[in-house]
Amino acid sequence: MNNKTALITGASKGIGKEFARIHASKGDNLVLIARNEELLNSFKKELMEQYKSISVEIIVKDLTKPNSAQEVYKELKEKNIQIDYLINNAGFGDYGFFVDTQWDRYDQMIDLNVKSLTHLCHLFLTDMMNRKDGKILNISSTAAFQPGPMMAVYFATKSYVLHLSEALNNEAKQSNVSVTAFCPGPTDTYFMEDSKMGTSKFIKNRKLPSAHAVALAGYDAMMSAKPVRIYGFMNKLTAFSVRLVPRKWVVSILRKMQE
Ligand SMILES: NC(=O)c1ccc[n+]([C@@H]2O[C@H](COP(=O)([O-])OP(=O)(O)OC[C@H]3O[C@@H](n4cnc5c(N)ncnc54)[C@H](OP(=O)(O)O)[C@@H]3O)[C@@H](O)[C@H]2O)c1
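Below is a short write-up of the structure. Nothing here was measured: the structure is a model prediction, and the numbers come from that model.

**A few points about the overall build of the chain**
Turning to step 1, where the next piece is worked out: The helix and strand inventory of the chain stands at nine helices and seven strands.
Turning to step 2, where the next piece is worked out: Relative to its length of 259 residues, the chain is compact, with a C-alpha radius of gyration of 18 Å against a globular reference of 18 Å.
Turning to step 3, where the next piece is worked out: In terms of principal-axis extent, the alpha carbons of the chain reach across some 55 × 40 × 35 Å.
Turning to step 4, where the next piece is worked out: Across the 259 residues that make up the chain, the buried fraction comes to 51%.
Turning to step 5, where the next piece is worked out: Looking at the chain alone, contacts between residues at least 24 apart form 71% of all its contacts between residues at least 6 apart.

Given below as structure tokens:
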């Protein structure tokens, strides 16, 4: 019997929900975290009906709140649930000029995309390295590879996730634990509406890949212990080509694309 457990943050919608479906199909038990209790409950019901042999634990939590990562860790310890796969997926962005966006939005973005992700890594990586077993998948973005005018804070948070993951992967390797940074490009999820990014030239009228296709690539990258995986050929090419162009040109091009 398979007894591995995957913890997935942001599992009520989008890419996180698809990560949950993929793990369930492999027979993994699940711990699903998000704020929307109703969505989590109905998703749990759907999974339990489809996959009779797995257990699904839901934790309703706002990961922007102080100590939320510690609370998750404590709850799982009390329930004696060991995490074999940690997928730090919850995150959001916001499209617009830096000064036009309320500070609270950035405060929460940094708390979610950076702080809670780092805290969860710190808590679970320690246990994984002691056991010499486990895998972490941190969802970064193609936004990580260059500065992003009109989404400046979001791009910077995703750059942080990329660099953190690569460094942690290097430190954890000798303990047989991997940390993968997964970098999708624009994907067809609620993110587009929530971040208002759907209005940018870069996105308008583009056919975006599905959350399921993107999650499958992320799952494969984590299972094969890749340090970094970029989703899609064109995204890979773009991430590579920004290295060949002067930085100030890259920023100007990005500004034009984002407008
Ligand atoms: N879609 C894209 O184009 C794209 C591209 C590159 C990278 N990404 C990254 O992929 C990840 C998943 O995004 P997505 O596209 O699947 O977005 P999504 O459809 O908006 O889903 C975001 C998930 O995060 C959860 N979440 C948001 N705020 C939270 C909070 N404060 N506490 C706990 N959970 C929270 C949401 O659930 P609740 O609302 O129920 O809390 C939801 O389950 C993000 O890190 C995003 O930056 C997305």
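**Some details on the nonpolar core**
Turning to step 1, where the next piece is worked out: One finds L7, L76, I83, L86 and F124 to be the most contacted residues of the largest nonpolar core, which totals 42 residues.
Turning to step 2, where the next piece is worked out: The element best represented in this core is helix α4 (residues 103-131), accounting for 10 residues.
Turning to step 3, where the next piece is worked out: Beyond its immediate sequence surroundings of up to four residues, L86 is in contact with L7, L120, C121, F124, M128, K135, I136 and L137.
Turning to step 4, where the next piece is worked out: Of all hydrophobic cores here, the second largest spans 28 residues; its members include A6, A34, A211 and A217.

**Quick look at the packing of aromatic side chains**
Turning to step 1, where the next piece is worked out: Enumeration over the complete set of coordinates arrives at five aromatic pairs.
Turning to step 2, where the next piece is worked out: Centroid distance F98 to Y106: 5.3 Å. Interplanar angle 20°. Geometry classified as stacked.
Turning to step 3, where the next piece is worked out: Taken together, the ring pairs connect F98, W103 and Y106 into an aromatic cluster.
Turning to step 4, where the next piece is worked out: Between K17 and the ring centre of F43, over which it is positioned, the NZ or CZ distance is 5.0 Å.

**Overview of the sheet that holds strand β5 (residues 135-139)**
Strand pairing in a sheet is mediated by backbone hydrogen bonds. Such pairs are either parallel or antiparallel.
Turning to step 1, where the next piece is worked out: Taken in spatial order, the seven strands of this open sheet run β3-β2-β1-β4-β5-β6-β7, and their pairing is parallel. A single partner strand is all that each edge strand has here, and the edge strands are β3 (56-60) and β7 (228-230). This sheet shows a mean twist of 15° between the axes of neighbouring strands, independent of strand direction.
Turning to step 2, where the next piece is worked out: Running at roughly 175° to β3, helix α2 (residues 37-50) makes contact with β2 (29-34) and β3 of the sheet.
Turning to step 3, where the next piece is worked out: The sheet contacts of helix α5 (residues 152-172) involve β5, β6 (178-183) and β7, and relative to β6 the element is tilted by about 155°.

**Here's the deal with the side chain of N138**
Turning to step 1, where the next piece is worked out: Inspection of the secondary structure assignment puts N138 in strand β5.
Turning to step 2, where the next piece is worked out: Polar contacts involving the side chain of N138 include one to the side chain of S165, which spans 3.1 Å.
Turning to step 3, where the next piece is worked out: Once residues within four sequence positions are removed from consideration, N138 is found in contact with N88, L117, C121, V161, S165, V179, T180, A181 and F182.

**A look at the pattern of salt bridges**
A pair can form between side chains of opposite charge whenever their charged atoms are brought close.
Turning to step 1, where the next piece is worked out: The tally for this structure, following the rule as stated, stands at 15 salt bridges.
Turning to step 2, where the next piece is worked out: A salt bridge links E49 to K45, with the shortest nitrogen-to-oxygen separation between them at 3.7 Å. Within this pair, E49 and its partner K45 are both found in helix α2, separated by four residues, close to a single helical turn.
Turning to step 3, where the next piece is worked out: Put simply, K77 and D127 hold a salt bridge, and the shortest N to O gap is 3.1 Å. Placement of the pair is K77 in helix α3 (residues 68-78) and D127 in helix α4, with a sequence separation of 50 residues.
Turning to step 4, where the next piece is worked out: When its relative accessible area of 18% is taken as the criterion, D127 is described as buried.
Turning to step 5, where the next piece is worked out: A single network of salt bridges, built from pairs that share partners, joins D94, R105, D194 and K196.

**Some words on the site of the ligand**
Turning to step 1, where the next piece is worked out: Residues in close proximity to the ligand total 30 residues, the closest being R35, N89, Y154, T187 and T189.
Turning to step 2, where the next piece is worked out: In this structure, an oxygen atom belonging to the ligand sits 3.0 Å away from a side-chain N or O atom of K13.
Turning to step 3, where the next piece is worked out: Residue N89 places a main-chain N or O atom 2.7 Å away from an oxygen atom belonging to the ligand.
Turning to step 4, where the next piece is worked out: For the ligand, the protein covers 96% of the area, taking 890 Å² as the surface of the free molecule.
Turning to step 5, where the next piece is worked out: Within the residue set of the shell around the ligand, elements represented by two or more residues are α1 (14-25), α5 and α6 (191-194).

Reading the values: the criteria
- Residues numbered from 1 in each chain as written.
- Predicted model: local features only at pLDDT ≥ 70, side-chain atom pairs only at ≥ 80, totals over all residues.
- Heavy atoms only, no water.
- Helix = DSSP H or I, 4+ residues; strand = E, 2+ residues; numbered from the N terminus.
- Rg over C-alpha atoms; globule rule 2.2 N^0.38 Å.
- Buried < 20%, exposed > 50% of the residue type's maximum accessible area, 1.4 Å probe, protein only.
- Contact = heavy atoms within 4.5 Å.
- Core = buried A, V, L, I, M, F, W, Y, C linked by side-chain atoms within 4.5 Å.
- Phe/Tyr/Trp six-rings, centres within 6.5 Å; stacked < 30°, edge-to-face > 60°.
- Lys NZ or Arg CZ within 6 Å of the ring centre and 35° of its normal.
- Pairing = 2+ DSSP bridges.
- Axes fitted to C-alpha atoms, helices over the stretch in contact; angles between N-to-C directions.
- Polar contact = N/O pair within 3.5 Å; in protein donor to acceptor, adjacent residues only side chain to side chain.
- Salt bridge = Lys/Arg side-chain N within 4 Å of Asp/Glu carboxyl O.
- Near = heavy atom within 4 Å.
- Areas by Shrake-Rupley, 256 points an atom, 1.4 Å probe, with all protein chains shown as cover.

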